[in-house]
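Examination of the molecular architecture
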Amino acid sequence: MPDFVVTAFALIVLLGTLVLFHELGHFTAAKLFRVKVDEFAFGFGPKWIRLFKRGDTEYTIHPVPLGGFVKLAGMEPGEEDLPNGFNCKPVWQRIIIYFAGPFMSFVLACLVFSAMGLTTGLPVTDDIVNRVGFVQPDSVADKAGLRAGDTIIAISGEKIDSGNEMVDIIHRSANKPLVLTIMRGGKEITIHATPKVGELGGKKVGLLGFIPTPKLQRVGFGESLSYGIDKTQVFVVGIVTSIFSRDVAESVGGPLAIADATQTSVKSGPFVYLQLMAILSLSLGVINLLPIPILDGGAIMLLIGEGIKGRRLSPRTIEMAQRIGLILIAAIFVSIMYLDLSRVATNKLFR
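What you see is a predicted model; the values in this text were computed from it and never measured. (Residues numbered from 1 in each chain as written. Predicted model: local features only at pLDDT ≥ 70, side-chain atom pairs only at ≥ 80, totals over all residues. Heavy atoms only, no water.)

Our focus in this paragraph is helix H4 (residues 163-171). Burial in H4 covers these residues: Gly163, Met166, Val167, Ile169 and Ile170. All buried residues of H4 project into a common sector of 165° when viewed along the axis, lining one side. Where the residues of H4 are buried, they touch strand E5 (122-135), strand E6 (151-155), strand E7 (158-159), strand E8 (178-184), strand E11 (203-207) and strand E12 (210-217). (Buried < 20%, exposed > 50% of the residue type's maximum accessible area, 1.4 Å probe, protein only. Helix = DSSP H or I, 4+ residues; strand = E, 2+ residues; numbered from the N terminus. Arc of directions from axis to C-beta. Contact = heavy atoms within 4.5 Å.)

Moving on to the confidence of the model for the protein. Confidence in the prediction for the protein averages 89 pLDDT; 98% of positions are at 70 or higher. Taking the mean pLDDT of every element in the protein, the minimum, 72, falls on helix H6 (residues 248-251) and the maximum, 96, on helix H2 (residues 91-118). (pLDDT = per-residue confidence, 0-100.)

This part covers unusual backbone geometry. A positive phi angle, close to 50°, is found at Ser156, a residue other than glycine. Phi is positive for Ile294, close to 85°, though the residue is something other than glycine. For Ile294, the location among the structural elements is in the loop between helix H8 (270-288) and helix H9 (296-309). A relative accessible area of 44% places Ile294 in the partly exposed class.

Counted according to the given criterion, the structure contains 13 salt bridges. One salt bridge connects Asp150 with Arg184, and the closest N-O pair in it is separated by 2.8 Å. Residue Asp150 is located in the loop between helix H3 (140-144) and E6, and its partner Arg184 is located in strand E8; the two are separated by 34 residues in the primary sequence. Residue classification places Asp150 among the buried residues on the basis of a relative accessible area of 1%. Taken together, the shared-partner salt bridges connect Lys47, Arg50 and Glu58 into one network. (Salt bridge = Lys/Arg side-chain N within 4 Å of Asp/Glu carboxyl O.)

Another aspect to go through is the packing of aromatic side chains. Going through the model one piece at a time under the given rule, you end up with nine aromatic pairs. With centroids separated by 4.6 Å and ring planes inclined at 25°, the aromatic side chains of Phe52 and Tyr59 adopt a geometry described as stacked. Note on Phe52: relative accessible area 44%, which makes it partly exposed. Ring geometry for Phe86 versus Tyr98: centroids 5.4 Å apart, planes at 85°, classification edge-to-face. Of this pair, Phe86 sits in the loop between strand E4 (64-72) and H2 while Tyr98 sits in helix H2, placing them twelve residues apart in sequence. In this structure, Phe86 and Tyr98 share a single accessibility class: buried. In this structure an aromatic cluster arises from ring pairing among Phe27, Phe40, Phe52 and Tyr59. (Phe/Tyr/Trp six-rings, centres within 6.5 Å; stacked < 30°, edge-to-face > 60°.)

On to a nonpolar patch on the surface. A surface patch of nonpolar side chains, amounting to about 430 Å² of accessible area, comprises Trp48, Ile49, Leu51 and Phe52. Mapped onto the elements of the fold, Trp48 is located in the loop between strand E1 (37-44) and strand E2 (49-54). (Patch = residues over 30% accessible without salt bridge, like charges linked within 9 Å, V, L, I, M, F, W, Y side chains within 5 Å. Areas by Shrake-Rupley, 256 points an atom, 1.4 Å probe, with all protein chains shown as cover.)

In structure tokens, the structure reads:
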């Protein structure tokens, strides 16, 4: 099967899972508080297939398979008196309904991280395999043509049976031309590369600029759950720190960057793919909690303002806030797309 088809399918599964799980949070909370849900949809665009209707809720499929949405009754200003509508519910219930989406994104990430210990296995400390996990942009490895997923089976005629063997030869070959024999897609390929001198652990060694794939080992439920909780906390802190750092432009990416990361993860194996899913789910949760109107965090901010004032915000105020939020999101999207296209132009994506 062509790489493009595999990557496209993996991307659809990835984004579809993230958005649907997120929307499932809103859906579940709405049902809990007896808010009428008009539609639970998979995908975007015009309604394509109506699967079935249960109670007041239609379950549908839309033609663009990248996520989904939940349509709640009574969400528009002026619909405060609609029976079982969203706006007729107390402020605290509406806040929970909005918060439930990001919360479920965090839950999904924790579940994925935890499941990795029982399925793909977790990295074994100081043990690697002779396969390329990640290639640093503009490195010797990148320029030589090494790609994520490549298995190095020989170096300058010397057979490689382990990752430690591979790394040892590269480290002691600074400024020495090497001939790498790799397996890629069932084909044997020869690549020429000369490791640059670099510092690692206080020593001068030869470096090509790639990260080997770690050796994985399955663990028990308790250790896997502990790993999931720990990684969720670590990555949430990392994502928040990145968003509010000076280097935010280097750490964010849009649709093209996500597609590139998906392509790399597919080549690297299930562990990297699941890890990407968990990280993106956390990113979705964190970003949706930002206090920008039209995002969940912005809606929560407006509801908190309503609670403090003790009365509903005027339709004009809500409309103005949503317009400002839409402009901000549009500006952010344009900026991210510009970064994505710049990376494509400089060969930093889809190498």
